[in-house]
Every structure is written in structure tokens, then in C-alpha cells.
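Here are the chains, one letter per residue:
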Amino acid sequence: MIIDNLAEFASKRFGQNFLKDHRYIDRIIEAMSDDSLPIAEIGPGLGDLTASLLATRQHVTAFEVDKRLCALLEKHFEKERDAGRFELHCGDVLAHEEGLVPLKEPYRLVSNLPYYIATRIILKALRDERCKEIIVMVQKEVAEKFAARSGERSFSALSVLAESCGKATLLFEVPPEAFVPAPKVTSAVLQIKKRHHLHDRGFEDFLKTAFAQPRKTLLKNLSARFEKSKIETIFETLTLSTKLRPHQVETVQYQTLYRLLKGERFYGRESTGTETTDTDKKQRNKSGA
Ligand code: SAM
């Protein structure tokens, strides 16, 4: 879609930086697996990414807050809408309470996200059981936080949450000149291939405590909420040093720490490298394994 004086048209309030360099749009499309999973797009804007998605995929459901853009998109994709391949929801995507978007079937989220709410959207997508994959453009710093591995400086609560759901990868960086108007920051495309979804807000709160002061030790951070002697005993059981900083601990160790601090029992390390707790044992007994 062509708009005269796009820089003036763009609304800062809605985080509008339109991706105009089609080489990056092509790379987003190439990153998707070749399957028939329906697409959810948040913030289609002027529809450049939407058009490429519709050219290669059967169905796109889009969510746009700006009424001016909704009117333009309805007109531009009239043919696809009439063919039942394009659906537009006009309004604030964060207003949906159940799941990230009101889709009943499994879907893939592909978007150039509004940066002011990008982290909230990704977390909702991680919690949404129906969302199977996330491919989103975000601020580079945010992509790094989700995709970092234990031991790296950017390893954060967001990294642990992403790794608890599957595999997060920073696919490629995108410079400010690729957008109109150009944002002040470098962007990056983040992919999260989900195998699980987040279902325990307690774990998310626990990680907030664990990473509250990233330069302090994990023991010190956790002591703000849990009894120090209890944490020390658990660290000893797991042979974790009390000197570790939050970014030096692995996702699987955070999962075990959380369960033990909740009071579950520890049965030791299995050969698969996963920790076994009461919950695992109960589930195994139920399935007869
Ligand atoms: N997808 C377009 C592109 O790549 O050029 C536009 C991306 S722009 C960074 C973000 C888009 O998200 C804008 O179209 C903006 O209006 C929309 N947006 C902002 N806040 C939103 C919200 N709460 N719900 C739905 N869409 C929103």
C-alpha cells in the first residue's frame, strides 16, 4: 500500500515503524517451515508482510489497533477476505483475555511487533497452548534476552521461560534504515519453536525473584523470598555453588530449584539429564511408565 508522506502518517503512540525493505520480509517468509499452520499477524500496518504471507500461506488472521489502517487493509485485501483467506480484527490485541488471540486452532505467530508491547505479546504467546511457533521482529535487545543461553550475559528470566517452551533463536538483525520512519534502535527477528507452553505463573514469579538483581548472587536474590538455610540445603543437594550469579544457572536447574522450593522431593539426576520430582513420578505412575 502506498501512503504519501508515510513518516508523517505513522503514529508514535502505536509504535508504527513500517518495514519497507522487502529483502527482510522475504527472509521472514523463508524462516517459516513448509506446513499449513494458519498464521496470526499482530499489527499488519500497511500490509506489506501480510501480502507476502498471503502469497505463500492459505490463511492469515490479522489484529490491528489503528482504525485508519483497518479501513485501508479491509479494502486492500478484499479479494482474500471474500475468499475466506484473510480475516481482520480491529482493536487492541492485548484486550483478549483467553490466549493471545481468539483463534481456536493451532497457529503460528508471524509479525513485525509494536515494540512498546513486544515482550508482553511474546509472553502471552508462550502461555498460549494453541500458538506453536513465534517468528517476530522486535528490538534486538529483546530478541537477545529471549534467545540467550545459560552463561551468556543476556541470559535472563525471559531466556529461561523461552527455553522452558522450546528453542529460541535470533535469526538475523535488521538495521533502522529498513523501516519508515526509521526507529532509533537495531531490530532483530526472533524465532521460538514451541514444544510446551507456560502454564504456571508461580514459575514466572519465581524467576522474577531469581533475576531481580542480575549482578548479585542467585542465593542473595532468592533469599528475599525464601528462607536462606532452605535455599542453601537445596543448593547443596543439587551441587550448585552459592556463588553463582543468576545468568550462570541452567534452565533445567531453575525448574528443579522451583519445584524443590515449593516443597517437592528430589529423586536425583536421571541419565536423560532431567530432574525427577514428585510431580514427574505421579505423572509416570498415572501413565503406567
Ligand atoms: N507489520 C507492519 C510492517 O511490518 O510494516 C507494521 C509494523 S508496526 C512496527 C506495528 C503495528 O502494530 C502497527 O500497525 C500498529 O498500529 C500496530 N499496533 C500497535 N499496538 C497494537 C495493539 N495494541 N494491538 C494491535 N495492533 C497494534
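What counts, and at which threshold
Residues numbered from 1 in each chain as written. Predicted model: local features only at pLDDT ≥ 70, side-chain atom pairs only at ≥ 80, totals over all residues. Heavy atoms only, no water. Pairing = 2+ DSSP bridges. Helix = DSSP H or I, 4+ residues; strand = E, 2+ residues; numbered from the N terminus. Axes fitted to C-alpha atoms, helices over the stretch in contact; angles between N-to-C directions. Contact = heavy atoms within 4.5 Å. Domains from an automatic or database assignment. Salt bridge = Lys/Arg side-chain N within 4 Å of Asp/Glu carboxyl O. Disulfide = S-S within 2.5 Å. Buried < 20%, exposed > 50% of the residue type's maximum accessible area, 1.4 Å probe, protein only. Core = buried A, V, L, I, M, F, W, Y, C linked by side-chain atoms within 4.5 Å. Near = heavy atom within 4 Å. Polar contact = N/O pair within 3.5 Å; in protein donor to acceptor, adjacent residues only side chain to side chain. Areas by Shrake-Rupley, 256 points an atom, 1.4 Å probe, with all protein chains shown as cover. Nonpolar A, V, L, I, M, F, W, Y, C, P; charged D, E, K, R; others polar.

(A) Structural detail: the sheet that holds strand β9 (residues 187-194). Read across the sheet, seven strands follow the order β4-β3-β2-β5-β6-β9-β7 without closing on themselves; strand pairing throughout is mixed. Lying at the two open borders of the sheet, with one neighbouring strand each, are β4 (86-90) and β7 (166-174). In this sheet, adjacent strand axes meet at a mean angle of 15 degrees when their direction is disregarded. One ladder, built from six bridges, connects strand β5 (residues 107-112) with strand β6 (residues 131-139); its direction is parallel. Counterpart to Y107 in the pairing with β6 is C131. Contacts from helix α7 (residues 140-147) reach β6, β7 and β9, with the element oriented near 155 degrees to β7.

(B) Examining the domain arrangement of the protein more closely. What the domain assignment reports for the protein is domain 1 (6-194) and domain 2 (201-287). For domain 1 and domain 2, the distance between their C-alpha centres works out to 33 Å. Contact with domain 1, which involves 11 residues of that partner, is made by 13 residues of domain 2. Where domain 1 meets domain 2, there are one salt bridge.

(C) Broad picture of the state of the cysteines. Summed over the entire model, instances satisfying the criterion amount to one disulfide. Here C70 engages in a disulfide with C90; their sulfurs sit 2.2 Å apart. Measuring handedness by torsion sign, the sulfur bridge of C70 and C90 sits at about 95 degrees and is right-handed. With a gap of 20 residues between them, C70 in helix α4 (residues 67-76) and C90 in strand β4 connect regions that are remote in the sequence. For C70, a relative accessible area of 5% gives the class buried. Taking relative accessible area as the criterion, C90 reaches 45% and is therefore assigned partly exposed. The structure places no disulfide on C131, whose sulfur is separated from the nearest cysteine sulfur, that of C165, by 9.5 Å. Using a relative accessible area of 1% as the deciding quantity, one classes C131 as buried.

(D) Local environment of the nonpolar core. Membership of the largest hydrophobic core comes to 60 residues, with the highest contact counts inside it found for L109, I122, L126, F146, F206 and Y254. Composition of this core by domain shows at least three residues from each of domain 1 (6-194) and domain 2 (201-287). Grouped together as the second largest cluster of nonpolar side chains are 31 residues, I28, M32, L69 and M137 included.

(E) Spotlight on the site of the ligand. Around the ligand, 23 residues are found, and the nearest of them are L19, G43, E64, D92 and Y116. Contact between the ligand and P44: a nitrogen atom at 3.4 Å from a main-chain N or O atom of the residue. The separation between an oxygen atom of the ligand and a polar main-chain atom of G45 is 3.4 Å. Relative to its free-state accessible area of 590 Å², the ligand is covered by the protein chains to the extent of 99%. For the shell around the ligand, the residue count by class is 12 nonpolar, seven polar and four charged.

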